[in-house]
Amino acid sequence: MALERPEIDFIEGPPPADLQITDIRIGEGTQAGHGSTVSVQYVGVAHSTGEEFDASWNRGEPLNFRLGAGQVISGWDQGVMGMRVGGRRQLVIPPHLAYGDRGAGGVIKPGETLVFVVDLVGVK
């Protein structure tokens, strides 16, 4: 099954205080565990506006990182853990597990809750 770029619906109401993980599609491939190098496609939007701030799809290649090694925000390390290849998950990540009060590069405002749809495409 070919992956298609996801659309993220605007989430009404106040942002959650804790990480919210919602499996959209359960994968059947290799499971991502602590120390695995994972390959993901993703779209990220700001909870407050629904505006996209980043997407691997725009670069035409997945993001690779070592799970649990602190190479990405904590919400990703926690949210991707346990996924199986072929799975798609929505992560709603509160600021304390993302970029906190500092924001990120003028693209993510301070204190922003982030919403990602992540597709796990590989595990090594």
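Bear in mind the structure is a predicted one, so any value in this text is a computation, not a measurement.

1. Some words on the overall build of the protein chain
Part 1 of the argument: When you go through the protein chain residue by residue, the secondary structure sums to one helix and six strands.
Part 2 of the argument: Along the protein chain, helices and strands appear, N-terminal first, in the series β-β-β-β-α-β-β.
Part 3 of the argument: For the protein chain, whose C-alpha radius of gyration is 14 Å, the value lies close to the compact-globule estimate of 14 Å for 124 residues.
Part 4 of the argument: Considering only C-alpha atoms, the protein chain reaches an extent of 35 × 30 × 25 Å along its principal axes.
Part 5 of the argument: Long-range pairs, those at least 24 residues apart, make up 70% of the contacts in the protein chain between residues at least 6 apart in sequence.
Part 6 of the argument: Surface summary for the protein chain: the accessible area is close to 6,600 Å², and the carbon and sulfur share equals 47%.
Part 7 of the argument: Charged side chains of the protein chain number 10 positive and 15 negative; the gap between the two group centres comes to 8 Å.

2. Brief notes about the environment of V115
Part 1 of the argument: For V115, the location among the structural elements is in strand 6 (residues 114-123).
Part 2 of the argument: The contacts of V115, once residues within four sequence positions are left out, are I8, I11, V43, G44, V45, H47, Q90, L91 and V92.

3. Examining the packing of aromatic side chains
Part 1 of the argument: Taken as a whole, this structure holds five aromatic pairs when the rule is applied.
Part 2 of the argument: Ring geometry for F53 versus F116: centroids 5.6 Å apart, planes at 90 degrees, classification edge-to-face. Here the residue F53 occupies a position in strand 3 (residues 52-55), and F116 occupies one in strand 6, the gap between them amounting to 63 residues. Both residues of the pair, F53 and F116, belong to the buried class.

4. Re the nonpolar core
Part 1 of the argument: Ranked by internal contacts, the top residues of the largest apolar core, which has 24 residues, are V38, V40, F65, W76, I93, F116 and V118.
Part 2 of the argument: Put simply, the parts of the chain that give this core at least two residues each are strand 2 (37-46), helix 1 (74-80), strand 5 (88-93) and strand 6.
Part 3 of the argument: Per-element accounting of this core gives the leading share, five residues, to strand 6.
Part 4 of the argument: Dropping the residues within four chain positions of it, F65 is found in contact with S36, T37, V38, V40, Q71, V72, W76, D77 and V80.
Part 5 of the argument: One finds V43, V45, A55 and V117 within the second-largest nonpolar core, a separate group that totals seven residues.

5. Comments concerning the environment of Y99
Part 1 of the argument: Here Y99 shows up in the loop between strand 5 and strand 6.
Part 2 of the argument: When its relative accessible area of 28% is taken as the criterion, Y99 is described as partly exposed.
Part 3 of the argument: With twelve residues separating them in the primary sequence, Y99 and G111 have C-alpha atoms 7.3 Å apart.
Part 4 of the argument: Not counting the four nearest positions on each side in its chain, Y99 is found in contact with I73, A104, I108 and L114.

6. Re the layout of surface pockets
Part 1 of the argument: Considering only enclosed or pocket space, the largest pocket measures out at about 190 Å³ in volume.
Part 2 of the argument: Its residues assigned to classes, the lining of the largest pocket comprises eleven nonpolar, one polar and one charged.

Calculation criteria
Residues numbered from 1 in each chain as written. Predicted model: local features only at pLDDT ≥ 70, side-chain atom pairs only at ≥ 80, totals over all residues. Heavy atoms only, no water. Helix = DSSP H or I, 4+ residues; strand = E, 2+ residues; numbered from the N terminus. Rg over C-alpha atoms; globule rule 2.2 N^0.38 Å. Contact = heavy atoms within 4.5 Å. Areas by Shrake-Rupley, 256 points an atom, 1.4 Å probe, with all protein chains shown as cover. Lys, Arg positive; Asp, Glu negative; His and termini not counted. Charge placed at Lys NZ, Arg CZ, Asp CG, Glu CD. Phe/Tyr/Trp six-rings, centres within 6.5 Å; stacked < 30°, edge-to-face > 60°. Buried < 20%, exposed > 50% of the residue type's maximum accessible area, 1.4 Å probe, protein only. Core = buried A, V, L, I, M, F, W, Y, C linked by side-chain atoms within 4.5 Å. 1 Å grid on protein atoms, 1.4 Å probe; cavity = no way out; pocket = protein on both sides within 12 Å on 5 of 7 lines; lining within 4 Å. Points joined across faces, edges and corners; volume = space filled by probe spheres on them. Nonpolar A, V, L, I, M, F, W, Y, C, P; charged D, E, K, R; others polar.

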